[in-house]
Amino acid sequence: MALEHAILVSLLEQPGSGYELARRFDRSIGRFWTATHQQIYRVLRRMEADGWVSAQEVPQEGRPDKKVYSAAEAGRAALAGWLREPVEPETVRHELAVKIRAAAFDDPAALVSEVERHRESHAALLARYLHGEQRDFPDPAALDARQELQHVVLRGGIEYERMTLAWLDDVLATLRRLAGDRPADGGPGGPPTTDS
């Protein structure tokens, strides 16, 4: 997926300025596709030049006019073509998982604070998702098709964070248990010994 596709989805949901798009990425789409404000503005300019989006100047009181973007027919066609392309399963690169395996060759306790930091981050993200769900989807039975699809993606994010938290709790319990079982002489399971 290219950033262009995420921007088109956002603009089809609601036209907006570059600033408004960047805020939407920070608030919702960024859960699944991150982009800096500069990237969004740069891609919007390219999409406008390619005819994928159109822009309308909107006057503002006491401030410069703003450009409000909306998806153009060529952008809709590009999104429709992309939607029908197969998506390969994602390859996950997970540095923390490699560090956890590497703890077998050092002190498992040394990794506890790093795993706790990751857990705090995922717990905060889950809290944000749950808050957003209550705010944006208070009555799931009253959702239209667009909202149902937005909600099902958010539910996937919620379940992913719950799974990650459960895994990190398991990792922490394992690291703490192994740290308590370490031999004092640095034998198997302990830190590497050095010869004097």
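Residues numbered from 1 in each chain as written. Predicted model: local features only at pLDDT ≥ 70, side-chain atom pairs only at ≥ 80, totals over all residues. Heavy atoms only, no water.

**Q** I keep staring at the overall build of the protein chain and nothing clicks. Help me out?
**A** From N to C terminus, the protein chain includes 7 helices and 2 strands. Overall, the protein chain shows an N-to-C arrangement of helices and strands of α-α-α-β-β-α-α-α-α. Residue pairs at least 24 apart in sequence account for 57% of intrachain contacts in the protein chain once pairs closer than 6 positions are excluded. Counting only carbon and sulfur atoms, one obtains 53% of the accessible surface of the protein chain, whose full area is about 13100 Å². (Helix = DSSP H or I, 4+ residues; strand = E, 2+ residues; numbered from the N terminus. Contact = heavy atoms within 4.5 Å. Areas by Shrake-Rupley, 256 points an atom, 1.4 Å probe, with all protein chains shown as cover.)

**Q** Can you help me understand the environment of Leu12 in this one?
**A** For Leu12, the position within the fold is in helix H1 (residues 3-13). What makes Leu12 partly exposed here is its relative accessible area of 32%. (Buried < 20%, exposed > 50% of the residue type's maximum accessible area, 1.4 Å probe, protein only.)

**Q** How should I be thinking about H1 in this particular structure?
**A** With 8 of 11 residues buried, H1 is to be regarded as a mostly interior element. Where H1 is buried, its residues contact helix H2 (18-27), helix H3 (37-49), strand S1 (53-60), strand S2 (63-71) and helix H4 (73-83).

**Q** Would you take a moment to explain a nonpolar patch on the surface for this structure?
**A** Residues Phe32, Leu149, Val152 and Val153 make up a contiguous nonpolar surface patch of about 360 Å² in total accessible area. Among the secondary structure elements, Val152 is positioned in helix H7 (residues 145-181). (Patch = residues over 30% accessible without salt bridge, like charges linked within 9 Å, V, L, I, M, F, W, Y side chains within 5 Å. Salt bridge = Lys/Arg side-chain N within 4 Å of Asp/Glu carboxyl O.)

**Q** Before we go on, may I ask you to explain the nonpolar core in this structure?
**A** Soluble globular proteins tend to pack their nonpolar side chains together in the buried interior. The biggest cluster of nonpolar side chains holds 18 residues, and the ones touching the most others in it are Ile7, Leu11, Phe25, Ile40 and Leu44. Contributing elements (two or more residues each) for this core: H1, H2, H3 and S2. Ranked by residue count, the leading element in this core is H1, at 5 residues. Ranked by size, the runner-up nonpolar core spans 10 residues in total, among them Leu111, Val115, Leu172 and Leu175. (Core = buried A, V, L, I, M, F, W, Y, C linked by side-chain atoms within 4.5 Å.)

**Q** Before we go on, may I ask you to explain the pattern of salt bridges in this structure?
**A** A pair can form between side chains of opposite charge whenever their charged atoms are brought close. The tally for this structure, following the rule as stated, stands at 8 salt bridges. Between Arg117 and Glu114 there is a salt bridge whose closest N-O contact spans 2.7 Å. Of this pair, Arg117 and Glu114 both sit in helix H6 (residues 112-136), 3 residues apart, which is roughly one turn of the helix. Here Asp169 ties to Arg119 by a salt bridge, and the two come within 2.4 Å at their closest N and O atoms. With Asp169 in helix H7 and Arg119 in helix H6, this residue pair connects regions lying 50 residues apart in the sequence.

**Q** For this particular structure, what's the right way to read the environment of His118?
**A** Considering the arrangement of structural elements, one finds His118 in helix H6. Here His118 falls in the partly exposed class, since its relative accessible area comes to 24%. Excluding residues that lie within four positions of it along the chain, His118 makes contacts with Leu96 and Leu168.

**Q** Please clarify how H3 should be interpreted in this entry.
**A** Compared with an ideal rise of 1.5 Å per residue, which puts 13 residues at 18 Å, H3 spans 19 Å between its outermost C-alpha atoms and is within 8% of the ideal. Packing partners of the buried residues in H3 comprise H1, H2, S1 and S2. (Expected span 1.5 Å × (residues − 1).)

**Q** Whenever I open this one, the packing of H1 against H3 confuses me. Can you help?
**A** Two numbers describe a pair of packed helices, the interaxial angle and the distance between the axes. Packing of H1 against H3 brings their axes to within 10 Å, and their N-to-C directions diverge by 85°. One way to sum up the angle between H1 and H3 is to call them roughly perpendicular. Between H1, through Leu3, Glu4, Ile7, Leu8 and Leu11, and H3, the contact on the second element is made entirely by Gln39, Ile40, Val43, Leu44, Arg46 and Met47. Within the contact of H1 with H3, the residues separate by chemical class into 8 nonpolar, 1 polar and 2 charged. (Axes fitted to C-alpha atoms, helices over the stretch in contact; angles between N-to-C directions. Parallel < 35°, antiparallel > 145°, perpendicular 65-115°, else oblique. Nonpolar A, V, L, I, M, F, W, Y, C, P; charged D, E, K, R; others polar.)

**Q** Mind showing me how you'd approach the pairing of S2 here?
**A** The side chains of a regular strand alternate between the sheet's two faces. As judged from the 7 bridges shared by S1 and S2, these two strands associate in the antiparallel manner. Directly across from Ala55, in S2, lies its bridge partner Tyr69. Linkage of S1 to S2, two consecutive antiparallel strands, is achieved through a turn of 2 residues, within which Gly62 is found at a positive phi near 70°. (Pairing = 2+ DSSP bridges.)

**Q** What should I look at first to understand the confidence of the model for the protein chain in this one?
**A** As a general rule, the predicted coordinates of low-pLDDT regions are not to be interpreted in detail. Looking at the protein chain, pLDDT values average 87 and 90% of them are 70 or higher. This stretch, residues 185-196, has a pLDDT under 50; its non-local contacts, to residues over four places away or in other chains, come to 13 contacts. (pLDDT = per-residue confidence, 0-100.)

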